[in-house]
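Below are the chains, spelled out letter by letter.
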Amino acid sequence: MTVTALSDLVRPDRYPRSSGYDPAWLVDLDMGPNPLWLLEDLARDLELRPGMRVLDLGSGKGATSVFLAREYGVDVVAADWWTPAEEAAAVFAEAGVADRVQAVRAEAHTLPFEPESFDAVVSIDAFEYFGTADGYLPYLVRFVRPGGQLGMATPALTREVRELGAIPAHIKKVVGWEAIAWHTAQWWRFQWEITELVDVTSARLQPDAWKDWLLWARACAERRPDGRTADQPVIDMLTEDGGTFLSFALVTARRR
């Protein structure tokens, strides 16, 4: 068998559930690095049970929602602003989960849901775009039932930009000011706990997250027609960083 960058995305030793999914299918739904790896890792800190109603916030083209429905037996509302609901619904139908996943086009600050209507909210590689404001968690938590769970995975730095005094040059060259929102796991823990609305159950950096991200970028570069042009800057950034600054933060909590 020919070993390719795409085949490197099958890693049953570390991500057994994710390894049951076609990596080509996953890359074709790309809206951020290795979403199923992030979700599988995050879910270890959550208690997801069949029949739960889960909001997948910033669900992109739908890979994480398919995974939630298949792997944990939950009923999913897949909410995203950038992907039209009909496009996501087609992904769910093809994956055979249309009866358990509802696609909704919604902006994260104007969610069209009833209070306390979810057992859990999960967000993979999206929270950095809308969730850093001081008032966002108090807004979001109103949609979670008392005792319900929140979990998110988001790009992170190992040290705060404010502490460093500047965005590291190799990161700024590729993502610019966006890295200001890439906070440490401890920053997120404080940001959530200070509200006294939730109890943070886990806040950690994913081990070797930069290596996972690099594997993903290489697979995208191989798979997509414009991949080398689009993904080489990210590959170069991650290679230069070598885990010094770049990571992913995984944070979970329960509503009080």
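As the structure is a prediction and not an experimental result, all values here were calculated from the model.

1. What to know about unusual backbone geometry
- Even without glycine at this site, Glu116 takes up a positive phi of about 55°.
- A relative accessible area of 37% places Glu116 in the partly exposed class.
- Phi is positive for Asp125, close to 55°, though the residue is something other than glycine.
- For Asp125, the position within the fold is in the loop between strand E4 (118–124) and helix H5 (127–130).

2. What to know about the environment of Gly32
- Its place among the elements puts Gly32 in the loop between helix H1 (23–28) and helix H2 (35–43).
- Residue Gly32 is classed as buried on the basis of its relative accessible area of 15%.
- Not counting residues up to four positions away in its chain, the partners in contact with Gly32 are Asp125 and Trp216.

3. Comments concerning the sheet that holds strand E3 (residues 101–105)
- Judged by pairing direction, the sheet is mixed, and its 7 strands sit side by side in the order E3-E2-E1-E4-E5-E7-E6 without closing on themselves. In this open sheet, the two strands that pair with only one neighbour each are E3 and strand E6 (198–205). Between one strand axis and the next, the sheet turns by 15° as a mean value, whatever way the strands run.
- As judged from the 3 bridges shared by strand E1 (residues 53–57) and E4, these two strands associate in the parallel manner. The partner of Val54 across the bridge, within E4, is Ala120.

4. Here's the deal with the pairing of E1
- Burial within E1 is extensive, with 4 of its 5 residues counted as buried.
- Direction of pairing for E1 relative to strand E2 (residues 75–80): parallel, over a ladder of 5 bridges. In the sheet register, Asp56 faces E2, and the bridge partner there is Ala78.
- Handedness of the β-α-β unit built from E1, helix H3 (residues 63–72) and E2 comes out right-handed.

5. Considerations on helix H4 (residues 85–94)
- Among all positions of H4, only Ala85, Ala88, Val91 and Phe92 are buried. Each buried residue of H4 lies within a common arc of 120° when the element is viewed along its axis, so the set occupies one face. Facing away from the buried side of H4, by more than 90 degrees, are the exposed residues Glu86 and Glu94.
- Those residues of H4 that are buried lie in contact with H1, H3, E2 and E3.
- Following H4 by one or two positions, Gly96 adopts a phi angle in the positive range, close to 80°.

6. Focus: the pairing of E3
- Bridge count for E2 against E3 is 5 bridges, and the pairing is parallel. Of the residues in E3, the one forming a bridge with Ala78 is Ala103.
- You can see the chain leave E2, run along H4 and come back into E3, and the turn it takes is right-handed.

7. Examining the packing of aromatic side chains
- Here the structure, examined in full by the defined rule, presents 17 aromatic pairs.
- Measuring from ring centre to ring centre gives 5.4 Å for Phe130 and Tyr136, while their planes differ by 55°; the resulting arrangement is tilted. Here the two residues Phe130 and Tyr136 agree in accessibility, since each one is buried.
- With 5.5 Å between their ring centres and 70° between their planes, Trp213 and Phe248 make a pair best called edge-to-face. Of this pair, Trp213 sits in helix H10 (residues 209–223) while Phe248 sits in strand E7 (residues 246–255); the two residues are 35 residues apart in sequence, bridging distant segments of the chain.

8. Some remarks on the nonpolar core
- Ranked by size, the top nonpolar core spans 61 residues in total, and within it Leu48 and Ile171 carry the most contacts.
- With sequence-adjacent residues up to four places away left out, Leu48 is seen in contact with Ala43, Val54, Leu68, Tyr72, Val74 and Ala120.
- Judged by nonpolar contacts, the second largest core, of 33 residues, contains Ala79, Val121, Phe127 and Tyr136.

Calculation rules
- Residues numbered from 1 in each chain as written.
- Predicted model: local features only at pLDDT ≥ 70, side-chain atom pairs only at ≥ 80, totals over all residues.
- Heavy atoms only, no water.
- Buried < 20%, exposed > 50% of the residue type's maximum accessible area, 1.4 Å probe, protein only.
- Helix = DSSP H or I, 4+ residues; strand = E, 2+ residues; numbered from the N terminus.
- Contact = heavy atoms within 4.5 Å.
- Pairing = 2+ DSSP bridges.
- Axes fitted to C-alpha atoms, helices over the stretch in contact; angles between N-to-C directions.
- Right-handed = clockwise from strand over helix to strand, strands pointing away.
- Arc of directions from axis to C-beta.
- Phe/Tyr/Trp six-rings, centres within 6.5 Å; stacked < 30°, edge-to-face > 60°.
- Core = buried A, V, L, I, M, F, W, Y, C linked by side-chain atoms within 4.5 Å.

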